[in-house]
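# Coordinate analysis (summary)
In case you want the letters, here they are:
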Amino acid sequence: KMKRVTIKDLADMLNISISTVSRALKDHPDISSAVKLKVKEAAETFNYIPNDFAINFRKKSSKVIGLIIPEMSMFFIPSIIKGISSVLHKEGYHFFVLSSEESLGMEQENIITCINSRVDGILISLTRYTKDLSHLKRLKEIEVPVVIFDKTIPQDYFEQIIFDNKLNVETAVEKLANNECKNILAIFGDENLEMTQNRRDHFLEKLKNYPDINCKLIYCESAESVKEKLSIILDYEGFDGYFAMSDETLAGLHSSLIKKKIEIGNITVIAISEGTFPKYLDESYELIINDGFRMGVMAAIHLLNNIKKHNSEISASSTFYV
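Residues numbered from 1 in each chain as written. Predicted model: local features only at pLDDT ≥ 70, side-chain atom pairs only at ≥ 80, totals over all residues. Heavy atoms only, no water.

## Focus: the packing of aromatic side chains
Selection rule: Only Phe, Tyr and Trp rings take part, Trp by its six-membered ring, and two of them pair if their centres are within 6.5 Å. Stacked means planes under 30 degrees apart, edge-to-face means over 60, and tilted covers everything else. Strands are runs of DSSP state E lasting at least 2 residues, helices are runs of H or I lasting at least 4, and numbering of each runs from the N terminus. Only protein chains enter the accessibility calculation, which uses a 1.4 Å probe. A residue is then buried if its area is under 20% of the maximum for its type, exposed if over 50%, and partly exposed in between.
Applying the stated criterion across every chain yields a total of six aromatic pairs. Aromatic pair phenylalanine 188 and phenylalanine 243: ring centres 5.5 Å apart, planes at 55°, arrangement tilted. One end of the pair, phenylalanine 188, is in strand E6 (residues 183–188); the other, phenylalanine 243, is in strand E8 (residues 241–244), and 55 residues separate them in sequence. Aromatic pair phenylalanine 203 and phenylalanine 243: ring centres 4.9 Å apart, planes at 25°, arrangement stacked. Taken together, the positions of phenylalanine 203 in helix H9 (residues 194–207) and phenylalanine 243 in strand E8 put the pair 40 residues apart, joining distant regions of the chain. Given a relative accessible area of 0%, phenylalanine 203 falls into the buried group. According to the relative accessible area criterion, phenylalanine 243 is buried, its value standing at 0%.

Spelled out as structure tokens, the structure:
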């Protein structure tokens, strides 16, 4: 773990006294603007956080939580927010929602907004472009608890709440096999996401138990992308089984099946879903439910536990499955 930079470290680096550093950081009129600039640049470069800031941060509970999501979406996010709200409201906490718009830069800005808003903790689902957690480490230094939910990357800094991807896709493969599907199309999400890679790997591993099943696999970042790819594929290939990894991929699949006039009664469609959206599509679709509400409840409960325990007794990297 990187050692926290102290005011003494800054003084040693700049070859000036601790009191000069302290007064420069507080904009004391006795200190020249050149020295102030030098001290503030060094403080920023080495991520210096005054101890009294960290202490005040812990003492003065704002009763506010920052919720950072990769993007506002009609799929899944509303049920998660409901779950989070149900827990925080009971405990007297408020929360605000920030969308990163699938941008790492925006995600970093959102974290700074949360720090500046003196939140007691942060719930975050990562963007598809987040490859490391360097921008979240500062939160550890100033002791702001963080729980990552749903979209994460391999990491051992923070607690995370995720779905049991292995169980979900193994169930899907079994359902397709039980329905005697021999030629299936598996539609996965964004190939860059750990969740997609995870689901794909477990899916293909389970398929090895069924050597007589042929499987074509495609990646689609959105419902629109599913429609674009299927508008070509379905003209040339026929399938008796379809797997959709999410509500979003299912939306694109459903639209394509209707457009190509494929008789839904003659095929098997299995989807991992939050459960609400498919009710409006076709009742013959078989669903493996990922309960967004429950995930939101779990994420909020874990965050509040961390806040209460001041993050000291928590095993930082635990993973919890919904």
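## Digging into the environment of asparagine 192
Residue placement: asparagine 192 occurs in the loop between E6 and H9. Classification of asparagine 192 by relative accessible area gives partly exposed; the value is 42%. A C-alpha to C-alpha distance of 31 Å links asparagine 192 and leucine 304, two positions 112 residues apart in sequence.

## Some points on the side chain of serine 273
To keep things clear, this is the line we draw: We call two N or O atoms a polar contact when they sit within 3.5 Å, provided that within protein one can donate a hydrogen and the other can accept it, with sequence-adjacent residues counted only if both atoms are side-chain atoms. When checking whether two residues touch, look at their non-hydrogen atoms; a contact exists if any pair is within 4.5 Å.
Along the chain, serine 273 turns up in strand E9 (residues 268–273). Of note is the side chain of serine 273, whose polar atom sits 2.6 Å from the side chain of aspartate 247. For serine 273, the residues in contact, after removing those within four places along its chain, are Asp247, Pro278, Leu287, Ile288, Ile289 and Asn290.

## Things to note about the sheet that holds strand E10 (residues 286–289)
Going by this rule: Two strands pair under a simple rule: DSSP has to find at least two bridges between them. Fitted lines through C-alpha atoms serve as axes, helices being fitted only where they are in contact, and the angles separating the N-to-C directions of these axes extend from 0 to 180 degrees.
Spatially, E7-E6-E8-E9-E10 is the arrangement adopted by the five strands of the open sheet, whose pairing is parallel. Every interior strand has two partners, whereas the edge strands, strand E7 (214–219) and E10, have only one. Direction aside, the axes of adjacent strands within the sheet are offset by 15° on average. In this sheet, E9 lies alongside E8 in parallel orientation, the contact comprising four bridges. Across the sheet, residue phenylalanine 243 finds its bridge partner in E9, namely isoleucine 270. Contacting E6, E7 and E8, helix H10 (residues 223–236) crosses the sheet at an angle of about 140° to E7.

## Digging into helix H1 (residues 7–14)
Rules: Within this analysis, the arc is defined by the directions that extend from the helix axis to the C-beta atoms.
Within H1 the residues assigned to the buried category are Leu10, Ala11 and Leu14. What you see down the axis of H1 is that its buried residues fit within an arc of 100°, all on one side. Tucked inside the fold, the buried residues of H1 contact helix H2 (18–25) and helix H3 (33–45).

## With respect to the packing of helix H5 (residues 77–90) against helix H12 (residues 292–308)
In plain terms, the rule: Roughly parallel covers angles under 35 degrees, roughly antiparallel covers those over 145, roughly perpendicular covers 65 to 115, and oblique covers all other angles. Left-handed describes a crossing in which the near helix is turned anticlockwise from the far one by less than a right angle; the clockwise case is right-handed.
Running from N to C, H5 and H12 point in directions that differ by 40°, and their axes come no closer than 6 Å. Here H5 is positioned oblique relative to H12, judged by the angle of their axes. The way H5 lies across H12 gives a crossing that is right-handed. Counted together, Ser79, Ile80, Lys82, Gly83, Ile84, Ser86, Val87 and Leu88 of H5 and Gly292, Phe293, Met295, Gly296, Val297, Ala300, Ile301 and Leu304 of H12 form the full contact between these two elements.

## Remarks on the sheet that holds strand E5 (residues 159–162)
Reading across from one edge, E2-E1-E3-E4-E5-E11 is the order of the six strands in this open sheet, with parallel pairing throughout. Edge positions in the sheet fall to strand E2 (94–99) and strand E11 (319–321), since each has one partner strand and no second. For this sheet, the mean angle separating the axes of adjacent strands, direction not counted, is 20°. For strand E1 (residues 64–69) and E2, the ladder comprises six bridges, and the chain directions are parallel. By the bridge assignment, isoleucine 68 is partnered in E2 with leucine 98.

## A look at the pairing of E5
Residues Glu159 and Ile161 line one face of E5 and the alternating positions Gln160 and Ile162 line the opposite face, and both faces are buried. The pairing of strand E4 (residues 146–149) with E5 spans three bridges and is parallel. If you follow isoleucine 148 over to E5, its bridge partner there is glutamine 160. In this sheet, E11 lies alongside E5 in parallel orientation, the contact comprising three bridges. Within E11, the residue paired with glutamine 160 across the bridge is threonine 319.

## Examining the side chain of serine 100
The residue serine 100 is located in the loop between E2 and helix H6 (104–116) in this model. Aside from chain neighbours lying at most four places away, what touches serine 100 is Ile68, Ile69, Pro70, Met106, Glu107, Asn110 and Thr127.

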